[in-house]
Each structure stands twice: as C-alpha cells, then as structure tokens.
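Okay, here's what each chain looks like letter by letter:
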Amino acid sequence: MTTRLTDVTSNYRRRKLVDSVMTGVAYVCTAVAVAALGFVLFYVVVRGLGAWNLEFFTSTTKYFGEGGGIANALYGTAVIVAFAALMGVPVGIMAGIYLAEYGENRLGNVVRFVADTMTGFPSIVLGLFVYGLLVLAYGFHGFAGSVALAVMMLPIVARTTEEIIRLVPDSIREASLALGVPRWKTILRVVIPTAMSGIITGVILALARVAGETAPLIFTILGNQFWNTDPFSGAMAAVSLFVFEASKSPYEAVQQTAWGGALVLVLIVLVLNLTARFIASRGSVR
Amino acid sequence: MDLFKQLRRGNPGDAIFKGLAVLFGLSLLFISGLVVFELWYQSSLSRGEFGWSVLWSTEWDPPGERFGALQFIYGTLVTALGALLLAGPIGIGIAAFLVEIAPRRVDRVVGIVVETLAAVPSVVYGLWGIFVLGPFLCSYVAPPLQAVLGWLPLFSGPCRSYSVFTATFILAIMILPTVAAISRDVIRAVPDAQREAMLALGATRWEMFSRAVLPYAKSGIVGAFALALGRAAGETMALAIIIGNAPRIFTSLFDQGATMASIIAANFANAGSAMFVSFLIELGLILFAITLIINVSARLLVWTVASGPSGGIRA
C-alpha cells in the first residue's frame, strides 16, 4: 500500500517538475527575443547617435576617408518611397476592393492566392524583374526603384484592404442600397470611408515594410555619392543602400556614418509602425 | 455577360466600377506573370549556354564565363534550414508563453517586441551582425561549442565574423517573428474546450499544451515553419553582408559561403559580361522557383490540413 502511494506522489512530483521546467523554457524563449531586440536597438541607437551631427544630415554620402553624410540618400529614399506609394497604394486598394466586394468566386480565389504568394516573393527577385523591365532600356534611375517597391507594396495593401472592408457590417451596405444608392457609390461613399482608418493602417505598414528595403534598389537605382534630384534619370542614392555599401567599408568613419544611417532607417520604420498602431487603435472599424 | 446586363439596365456606373475593380484585381496576376516572364527571358543567354546542368554544377569562373548554381542552392538551403532549426523551437516557446502563460498586459508588450523585431530592416541586421553579433558569437558561443563538438567537420576551423555561422544566427533572429507570430495565432485559435478537457483530467499545463494544444495546432505550425523557411531563403541583405560570398560548398559552419540571394547582391554591380548578368538573373529565377514551391506548399498545407485538425477525440 505504502509503496504504491509513494509511487504516485513521486510520479506527480516528476510531472510537476517537467511542467515547471517547460514553463521556464517558455520564459527563456521569450527572453531571447526581447534580449535580441534590446541588443539590436541598443547598438543602433548608441552607435547611430554618435554619428548624428550637422554634417551627417547636410552633406552627401562618402565611401572613403573622413566625414560624409546621408543628405542625398535621405532625399532619394523619400522620393523613391513616395513614388512607390503613388503607384502601389491606389492599385492595391482597388485590388482589395475587388477581392472584398467582387471576389467571392473562383477568379477571386486565384487572385487572393496569387497575392498571398506575391508577399512571399523575395525582394531581390523583384529588383531583377525591374532591372530587366526598365533598367536595361532606360538605365539606372530612381523611378525604377519605386516600381520595384510598388510591386512589393501591392499585395500587402490589397490583402489588408480586403480584410478591413470585410469587417464593414453588411447592414451599412444594405442601408445605403435600400436608399437607392448604386453599388459603386455605396462602396466609394459608404464602405470605404467606414473602413478608412484600417486601410490607412495597412498602407502605412506597407510603407514601413518597403522604406528600409535594400535588395531591389541595388539593381534599379544603383546608388550615387552625389546629388541627383531627378528620379527619372541617373543613379540615385538611398539610405538603406548606403548602409549596405558602407558596411563593407574598411574606413572607421564610413562605418560610423553607416550606423547613423541605420538609426535613421530604424526610426523611420518604428515611427511608421507606431503611427499605424495609433490609427488602428482609434479606428472606426476595429 | 453580367456587365452587359447591367449596362442595358441603365446602370453604367456599377458596370464600369466592377470592370475597373476586376481589372485591378487581374493586375496582380498580370504582374506576377510579368515577373516570371522577365526572369525567364533575361536569363535565356545563361539557360541556353548551361542548360539544366547548371543545377548540379559548382563551376565559378567569371572571366571564363563558366557558372554553376549548386553551391549557392546548397548555401541557401543549409542556412535557411539551420536558421529554422534555431528559430523554430524558440518561436513555439514564445507563442506558448504568449498564449498560455503571459497575462494580457505582458502579452501586448511582447507582441510589440516581436512585431518590432520583424520591422527592423534587413540591412540593419546585417550591419549589427557583422560588427556586434559576429564578434560576440566568436568570443562567447563558438569556443564552448568547439570544445565539445570541435571534432565534427561541421565545427572545424577558426571562428570569424564573416561566416555561415554568424549568418545562420542572424537569419534565425530575422525569421523568429514570423514563426512566433503565426504560431501564436494558430495556438490561440485552438478551442478552449481542448484545454479544459485536459486540465479537468488532472493534467499539468505542460501536459495540456503538449498533448491537447500542440497536436491540434500542428498543421498551422508546420505552415508557419514553411513560410519562415521561404522568408529565410529569399533573405538577401543581411546575408550579403555577413556570409562572405565565397562561391564554394562549405563543410564547416565557420567557413564562408554564399546563398543565391547574397551572391546576386554582391556581384551584380560589377558583373562585367552579359553572360555573368544573365547567370545572376537565372540564379534569381531558381531562387524564385524554390521560394515559390516552399510558399505554395505551405499555404496548401495550411489550407488542406487545417480543415480537419488532428488531436482531440480522433487523435
């Protein structure tokens, strides 16, 4: 009798032990992720801030020697991302409207599947694609980079727009249709405004995704040490591309500038993410 | 046909709008098709020269214009699988913590951490990896590893920052958010009845999680792994900075190697000949095909298996 009882308690003790060990493992896993992020942000902020000064924001990129800044690269990133948004956002939103409002059929499923697969396209492949499409014919230029980034944004914007529009209650649609408003006007004047904050969130997240993107830019804008304000001709600079080039530099000062650029990229991405989160939390649908 | 009916009924606005929406929806198909066509077309020079043998050749002779892709396919698969080996269990651990253990407030904070980890640009990871993580691994992680397992060829040779070893770790950090976020969603979707039944039988939390939750969420987690693998295979900038871009089949993790994406990024700007450029684009085509296969099978897997979860009463 007594032996059986101790068996049971020792078995229970063993199970308890395994349970606490596994709980500890889960804690450690989470700690690893938090530590990794802390480790990354700490170094980027500390070493990046060390590079920030007036020259950093006002002079052009340099790959050799002392000094240099990211002014031209910052301009390049802004222009390229702006043009990408100008192309990717409207097309993406319209594709999202199609999926949500007219996509309940086989064709819609195919488009949805392709959009999901497109989000998995390696970004470098999109760079090669635009290289063949535009760069071979027109040379390296900023707009080609925008096209590559727009293709990256497209499926993200489309899928988030679709998901948000699906959240708009049917009763709102029905109310509008019952008043005799045609379907297209209902979508544009009732459904979209209701879903607006969610759509904007999706757009901002897509922007954050492409703002720090580097791989597609190598083959499209090439990078430039000097000012080029014309996105339609000639090689351009971008912050992400500069960080990549500078990370290979043996010059200490250039590496320092690279850290400064990395901090700029991280800040851009984080601010965009926080903005998206803020808008989403105040949104009308979610 | 529908369109014409609407036009005849005197409601051109609807017809036009629907037509536009369909057109934009189809533009996604058109663009994906164009991507495939462009890669295929631009790589025709290299494909014509080397044929299928490029897939099992390891030649690398830019001046002589002879190329093979095997060492890059190998590098891509080894680093991606290595990263998944590291990030997979940790990702599940995070997901388990978030769903089963953490109070709501902690859950939110860690959720933000994971999202931020995913948002940091690849090139920043590269910079950090080469100047911070690489030296750290070489002074704190590699020595004990080599002391125990140094007799394996996998861990032979001196540790350097520019190595497959550092690259695999960086890649693991980069795909960790993908694994963690998708696993969390999948595990959260497991019905609570599943948990309650197990707990009511006197199971501990770990027994409940490992026997009632994990089997139920298995297919979704496999899907998460596959999507992370696809991400890892296509990851470019961090690896282009760290892995060393040595075009050979490495046997030790402390060697330098190259992945398809990294070798394209590293060589494109100074590819001298049309054949070289064409070969790099063909590499892009192969990479595209591999990630496409991984991604499509991941989604099909999630779609087909998710309809009938294993575990529960039928397990």
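All figures in this text were calculated on a predicted structure; none of them were measured in a lab.

Asker: Where do I start with the overall build of chain A in this structure?
Answerer: Along chain A, the regular secondary structure elements total 11 helices and 0 strands. Counting from the amino terminus, chain A carries its helices and strands in the arrangement α-α-α-α-α-α-α-α-α-α-α. In terms of overall size, chain A is more extended than a compact globule, its C-alpha atoms giving a radius of gyration of 25 Å where 286 residues would be expected to give roughly 19 Å. Structurally, chain A occupies a C-alpha span of about 90 × 65 × 35 Å along its principal axes.

Asker: Help me understand the domain arrangement of chain A, please; the structure alone is not making it clear to me.
Answerer: Quoted interface sizes are often the accessible area lost when the parts come together. All names here are of chain A. According to the domain assignment, chain A consists of domain 1 (1-49) and domain 2 (54-281). Here domain 1 and domain 2 have C-alpha centroids that lie 39 Å from each other. Counting residues at the interface gives 7 residues for domain 1, matched by 6 residues for domain 2. Interface area for domain 1 against domain 2, summed over the two sides, is near 630 Å², with a carbon-plus-sulfur share of 75%. Three residues, Val 44, Arg 47 and Gly 48, lead the burial of domain 1 against domain 2; their summed loss comes to 73% of the area buried on that side. Taken together, domain 1 and domain 2 are joined by 0 salt bridges. Where domain 1 meets domain 2, there are 0 residue pairs in polar contact (both at pLDDT 80 or more). Tallied by class, residues from the side of domain 1 that touches domain 2 come to 5 nonpolar, 1 polar and 1 charged.

Asker: What's the story with the interface of chain B and chain A in this structure? I'm lost.
Answerer: Taken together, the contacts link 73 residues of chain B with 74 residues of chain A. Taken together, both faces of the contact between chain B and chain A bury some 6800 Å²; the carbon and sulfur share is 82%. The interface formed by chain B and chain A contains 2 salt bridges. Between Glu207(B) and Arg15(A) there is a salt bridge whose closest N-O contact spans 2.7 Å. Our count for the contact surface shared by chain B and chain A stands at 10 residue pairs in polar contact (both at pLDDT 80 or more). Looking at the side of chain B that touches chain A element by element, the count peaks at 20 residues for helix H2 (residues 12-42) of chain B. When grouped by side-chain class, the residues that make up the side of chain B that touches chain A number 51 nonpolar, 15 polar and 7 charged.

Asker: Sorry if this is basic, but what is going on with unusual backbone geometry here?
Answerer: Outside of glycine, negative phi angles account for most residues, and trans bonds account for most peptide bonds. Of note in this structure, Leu222(A) is not a glycine but carries a positive phi near 70°. The phi dihedral of Glu65(B) falls on the positive side, at around 60°, and the residue is not glycine. Here Glu65(B) shows up in the loop between strand E1 (60-61) and strand E2 (66-67).

Asker: Sorry, what's going on with the UniProt feature "transmembrane region" (unreviewed entry) in chain B here?
Answerer: Residue and element names in this part refer to chain B. The UniProt record marks residues 20-41, 72-97, 109-142, 162-182, 221-243, 249-269 and 276-298 with the feature "transmembrane region" (unreviewed entry), using the residue numbering of this structure. Within residues 72-97, the helical portion is 100% and the strand portion 0%, while the C-alpha atoms at the span's ends are 37 Å from each other. In the segment residues 109-142, helix accounts for 94% and strand for 0%; the C-alpha atoms at its two ends are 32 Å apart.

Asker: For this particular structure, what's the right way to read the domain arrangement of chain B?
Answerer: Residue and element names in this part refer to chain B. Here chain B is described as being made up of domain 1 (1-42) and domain 2 (53-307). On a C-alpha basis, the centres of domain 1 and domain 2 stand 37 Å from each other. Across the contact, 5 residues belong to domain 1 and 5 residues belong to domain 2. Buried area between domain 1 and domain 2, both sides added, is near 470 Å², and the carbon and sulfur share of it is 83%. Area buried by domain 1 at its contact with domain 2 is led by Val 36, Leu 39 and Gln 42, which between them contribute 82% of it. At the surface where domain 1 touches domain 2, the tally comes to 0 salt bridges. Linking domain 1 to domain 2 there are 1 residue pair in polar contact (both at pLDDT 80 or more). The residue makeup of the side of domain 1 that touches domain 2, split by class, is 4 nonpolar, 1 polar and no charged.

Reading guide: rules and limits
Counting restarts for each chain, with residues numbered from 1 along the sequence as it is written. In the order they appear in the text, chains get letters beginning with A and ligands get numbers beginning with 1. Given that the model is predicted, a residue must reach a pLDDT of at least 70 before its local features are reported, and side-chain atom pairs must reach 80 or more before they are shown or counted; all residues, however, enter totals for whole chains, interfaces and linings. As a rule here, side-chain values cover all heavy atoms of the structure and leave hydrogens and water aside. Numbering of helices and strands runs from the N terminus, with a helix taken as a DSSP run of H or I at least four residues long and a strand as a DSSP run of E at least two residues long. Only the C-alpha atoms count toward the radius of gyration. The rule for a globule is 2.2 Å times the residue count to the power 0.38. As annotated, the domain borders come from an automatic or database domain assignment. Working rule for contacts: check all heavy atoms of both residues, and any pair within 4.5 Å makes them a contact. Note on definitions: buried area is the accessible-area loss of two parts on being combined, 1.4 Å probe, summed for both. In the sections that follow, a salt bridge refers to a side-chain nitrogen of Lys or Arg positioned within 4 Å of a carboxyl oxygen of Asp or Glu. For the purposes of these results, a polar contact is taken to be a pair of N or O atoms within 3.5 Å, where, inside protein, one atom must be able to donate a hydrogen and its partner to accept one; residues adjacent in sequence count only when each atom of the pair is a side-chain atom. Note on residue categories: nonpolar means Ala, Val, Leu, Ile, Met, Phe, Trp, Tyr, Cys or Pro, charged means Asp, Glu, Lys or Arg, and polar means any other residue, Gly included. UniProt positions are given in the numbering used here, feature names are shortened, and annotations may be inferred rather than shown by experiment.

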